[in-house]
Amino acid sequence: MDLGLTQKELGDKIGRTISNISWWERGRCNPPGPVIIQLLELRTPKCWDILRLNDDRFQCEDKL
């Protein structure tokens, strides 16, 4: 996913190091689940409205 950010800028936004970003980009490891959520939020800030998730973003709402 191309966000138009340098590794440093991305790391600053999600609280991770350039080394972390580099490993993910090279496929040496995958980002942990909470980081994937942060990356999705950077790409699609309204995705949680679409998915109908509550504020903690880990528990589905019972309003179906």
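A brief report on the enclosed structure follows. Keep in mind the model is a prediction, meaning the values are calculated, not measured.

Definitions and limits used
Residues numbered from 1 in each chain as written. Predicted model: local features only at pLDDT ≥ 70, side-chain atom pairs only at ≥ 80, totals over all residues. Heavy atoms only, no water. Buried < 20%, exposed > 50% of the residue type's maximum accessible area, 1.4 Å probe, protein only. Helix = DSSP H or I, 4+ residues; strand = E, 2+ residues; numbered from the N terminus. Arc of directions from axis to C-beta. Contact = heavy atoms within 4.5 Å. Core = buried A, V, L, I, M, F, W, Y, C linked by side-chain atoms within 4.5 Å. Axes fitted to C-alpha atoms, helices over the stretch in contact; angles between N-to-C directions. Parallel < 35°, antiparallel > 145°, perpendicular 65-115°, else oblique. Left-handed = near helix turned anticlockwise from the far one by under 90°. Salt bridge = Lys/Arg side-chain N within 4 Å of Asp/Glu carboxyl O.

1. Notes on helix H1 (residues 7–14)
For H1, the full list of buried residues reads Leu10, Gly11 and Ile14. Down the axis of H1, the buried set is contained in an arc of 100°. They therefore lie on one face. Looking at H1, the residues exposed on the side facing more than 90 degrees away from the buried face are Asp12 and Lys13. Its buried side turned inward, H1 meets helix H2 (18–25) and helix H3 (33–43). Gly15 sits one or two positions beyond H1 and adopts a positive phi of about 75°.

2. Observations regarding H2
Along H2, the residues classified as buried are Ile21, Ser22 and Trp24. For H2, the angular spread of buried residues about the axis comes to 165°, placing them on one side. Taken from the residues just after H2, Gly27 is the one with a positive phi, measuring 75°.

3. Quick notes on the nonpolar core
Leu10, Ile14, Ile21, Trp24, Val35 and Leu39 form the largest nonpolar core, which has six residues in total. Of all elements in the fold, only H1, H2 and H3 reach the threshold of two or more residues within this core. Filtering out sequence-adjacent residues up to four positions away, Ile14 remains in contact with Ile21, Trp24, Val35, Gln38, Leu39 and Leu42.

4. Examining the packing of H1 against H2
Each pair of packed helices can be described by the angle between their axes along with the distance between the axes. Direction vectors running N to C along H1 and H2 enclose 110°, while the axes themselves pass 8 Å from each other. The orientation of H1 relative to H2 falls into the category roughly perpendicular. For the crossing formed where H1 meets H2, the hand is right-handed. Facing H1, whose interface residues are Gln7, Lys8, Leu10, Gly11 and Ile14, H2 presents Ile18, Ile21, Ser22, Trp24 and Glu25.

5. Describing the pattern of salt bridges
Across all of its chains, the model carries one salt bridge by this definition. Of the charged contacts in the structure, one is a salt bridge between Lys8 and Asp12, with a shortest N-O distance of 3.1 Å. Of the two residues, Lys8 and Asp12 both sit in helix H1, four residues apart, roughly one turn of that helix. By relative accessible area, which is 54% here, Asp12 ends up exposed.

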